[in-house]
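# Structure at a glance
Okay, here's what each chain looks like letter by letter:
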Amino acid sequence: MVIRTFTIYEVPNSYVSFGGNPTISGMFTMSVSDDDGFLDATAGADSGTAQGITVDGGAIDSFRFYYDDNISIGGNTETIKTFQLTINGTTRSFVMNDDASTIPGAGVGVGLSLNSYGNYTALDYTSLPCFVRGTRINTPQGDRPIEGLKVGDLVNTLDHGAQPIRWIGSSALTLRELLARPHMRPILIGADSFGAGLPARDLRVSPQHRCLLRGWQVELQFGTDQMLAPAKSLVGRAGVIEDKGSEGVEYFHIMFDSHQIIFSEGLPTESFLVGDTIRDGMDQAQLDEILELFPELATGQDAKVSTPARPVLRSFEVAAIDELVA
């Protein structure tokens, strides 16, 4: 049984029935304990042990997820989940991000507009952004294997110079576990896939681990010249494949006071974004340690820790970029 956390945003019940342009009235932390990789629409739809949901640490009576909504908020468009929770006998309506724990630009008093909607699809929360054992991370002392780093060590970042590590953890998956969960296989980014020396040698990361894309094609398509893209969305590009030959993997998660772009085998990639869903592979002890280090996460006051260092591309948006440039 693993636990995932999300920031959820309360909206009027009328939004579930009619859509429209609601205003967010509250922000809360929702935790889900589950034994599979999907957040299902109802307790009856869950094929395993029923997923348990709490809000700000308190139990709920029941839940139901209704829609996948495309919305406009803060000048951007987002895909969200719309759902209702019954808490102490009262049914209340909420929205949450489709692929992360926060909705960029969302907050109490902020309005959103419904663009389109469809039936709810189970949210897949099964991956962590992380590096594999042996990955060399750039530091003021040169490139160092990630498994040799510890809390307090300095790591060079793209935006803020050398930053101290606040937390580092690891998760090991055996071959048997990878066979049962093939979506957790590492992504292999071959040497020079993004250009000469990028990366300097073969780099393996988890499927959700994001790499920095930049250049004129990114700016032409999205109005900014730097974006983050999940490694799995790059599969099929020259030099980027799913590592189906892996006989087991140990993933490492490295975290700072805020989300950072760091250099792994010379390639600019992300640190662990704690605002992402706490996903399969992170046990309760790891979650407890993070919450002790960053207590604001338990109260929903996590803007600094959970804000991505760059905008994040979806897989279909990555397809619009012809050439990978880091």
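Here the structure is a predicted model, which is why all the values come from computation and not from measurement.

Helix and strand counts for the chain stand at seven helices and 24 strands. When the 326 residues of the chain are sorted by exposure, 50% land in the buried category. Summarising the internal contacts of the chain: among those between residues at least 6 apart in sequence, 65% fall at separations of at least 24. Entry remark: accessible area of the chain is about 13700 Å², with carbon and sulfur atoms responsible for 50%.

Time to look at the pattern of salt bridges. Inspection of the entire model under this criterion finds 14 salt bridges. Ionic pairing is found between R310 and D159, a salt bridge with its closest N-O pair at 2.8 Å. Taken together, the positions of R310 in the loop between helix 6 (303–306) and helix 7 (315–318) and D159 in the loop between strand 14 (154–157) and strand 15 (161–164) put the pair 151 residues apart, joining distant regions of the chain. Residue class for D159 comes out partly exposed when judged on its relative accessible area of 35%. Notably, a salt bridge pairs R166 with D257, separated by 2.2 Å at the nearest N-O pair. One end of the pair, R166, is in the loop between strand 15 and strand 16 (167–174); the other, D257, is in the loop between strand 22 (248–255) and strand 23 (261–264), with 91 residues separating them in the sequence. One network of salt bridges, with partners in common, ties together D68, K81 and D98.

This paragraph deals with the confidence of the model for the chain. Residues of the chain with pLDDT of at least 70 account for 84%, and the chain-wide mean is 84. Note that pLDDT drops below 50 for residues 276–281; the model gives that stretch 33 contacts with residues more than four away or on any other chain.

Grouped burial of nonpolar side chains is what soluble globular proteins tend to show. V155, I189, L213, L234 and I254 are the most contacted members of the largest nonpolar core, which has 27 residues in total. Listing elements by their share of this core, those giving two or more residues are strand 17 (187–189), strand 18 (203–205), strand 19 (210–214), strand 20 (226–230) and strand 22. Setting aside chain neighbours within four positions, we find V155 in contact with I137, N138, T139, P140, L149, G161, A162, Q163, I165, I254, F256 and I262. I8, V32, F94 and M96 belong to the second-largest nonpolar core, a separate cluster that totals 18 residues.

Position of A231 relative to the elements: it lies in the loop between strand 20 and strand 21 (240–242). Judged by relative accessible area, which is 0%, A231 ranks as buried. Along the backbone, A231 and E242 are 11 residues apart, and their C-alpha atoms lie at a distance of 9.4 Å. Aside from chain neighbours lying at most four places away, what touches A231 is I187, V205, S206, P207, H209 and V240.

Turning our eyes to something else, we now look at the packing of aromatic side chains. Under the criterion given, the structure shown has eight aromatic pairs. Summarising the aromatic geometry, the rings of Y66 and Y67 are spaced 5.8 Å apart at their centres and angled 35° between planes, so their arrangement reads as tilted. Both rings, one in W167 and one in F272, keep their centres 6.0 Å apart while their planes meet at 45°; by these two values the pair is tilted. On the criterion of sequence distance, the pair formed by W167 in strand 16 and F272 in the loop between strand 24 (267–270) and helix 4 (284–293) is long-range, its members being 105 residues apart. Note on accessibility: W167 and F272 belong to one class, buried. Counting every residue linked through ring pairs, the aromatic cluster contains F28, F63, F65, F83, F94 and Y120. Of note, K81 hangs over the ring of Y120, and the distance from its end group to the ring centre comes to 4.7 Å.

What follows concerns the side chain of T86. Turning to its location among the elements, T86 is positioned in strand 7 (residues 76–87). A polar side-chain atom of T86 sits 3.1 Å from a polar atom in the side chain of T91. Excluding anything up to four places from it in sequence, T86 contacts I60, D61, S62 and T91.

Before going further, it helps to spend a moment on the pairing of strand 6 (residues 62–73). When strand 6 meets strand 7, the two strands line up antiparallel, connected through 11 bridges. Within strand 7, the residue paired with F65 across the bridge is F83. Hairpin connection, strand 6 to strand 7: the antiparallel pair is bridged by two residues, and G74 has positive phi, about 60°. As paired elements, strand 6 and strand 9 (residues 113–119) share six bridges and run antiparallel to each other. By the bridge assignment for strand 9, S72 is matched with S113.

Turning next to the pairing of strand 24. Look at any regular strand and the pattern is simple: side chains alternate between the two faces of the sheet. On strand 24, burial covers both faces: L267 and T269 on one face and P268 and E270 on the other are all buried. Looking at chain direction, strand 23 and strand 24 are connected through four bridges and run antiparallel. From the neighbouring strand, I261 faces strand 24, where its bridge partner is E270. In sequence, strand 23 turns back onto strand 24 through a hairpin of two residues, with E265 there showing a positive phi of about 50°.

The rules behind the values
Per chain, residue numbering runs from 1 following the sequence as it is written. It should be noted that, the model being predicted, local features are given only for residues of pLDDT at least 70 and side-chain atom pairs only at 80 or more, the latter also being counted only at that level, while totals for whole chains, interfaces and linings use all residues. Calculation of side-chain values draws on the structure's entire complement of heavy atoms; hydrogens and water are dropped beforehand. Under the scheme used here, helices are H or I runs from DSSP no shorter than 4 residues and strands are E runs no shorter than 2 residues, and both carry numbers assigned from the N terminus. With a 1.4 Å probe rolled over the protein chains alone, any residue whose accessible area is under 20% of its type maximum counts as buried; one over 50% counts as exposed, and the rest are partly exposed. Note on definitions: a residue-residue contact is assigned when non-hydrogen atoms from the two residues lie within 4.5 Å. Only the protein chains shown count as cover for residues, and the accessible areas themselves come from Shrake-Rupley with a 1.4 Å probe. The rule for a salt bridge is simple: a side-chain nitrogen of Lys or Arg has to be within 4 Å of a carboxyl oxygen of Asp or Glu. Per residue, pLDDT captures the predictor's confidence, and it can take any value from 0 to 100. Residues belong to a common nonpolar core when they are buried Ala, Val, Leu, Ile, Met, Phe, Trp, Tyr or Cys residues joined through side-chain atoms within 4.5 Å. Aromatic pairs are defined between Phe, Tyr and Trp rings, using the six-membered ring for Trp, whenever the two ring centres lie within 6.5 Å; interplanar angles under 30 degrees are classed as stacked, those over 60 as edge-to-face, and all others as tilted. Whether a charge sits over a ring comes down to the Lys NZ or Arg CZ being within 6 Å of the ring centre and within 35 degrees of the ring normal. Under this definition, polar contacts are N or O atom pairs within 3.5 Å; protein pairs additionally need one hydrogen-donor-capable and one acceptor-capable atom, and for neighbouring residues in sequence, both atoms have to be side-chain atoms. A pair of strands is labelled paired if DSSP reports no fewer than 2 bridges between them.

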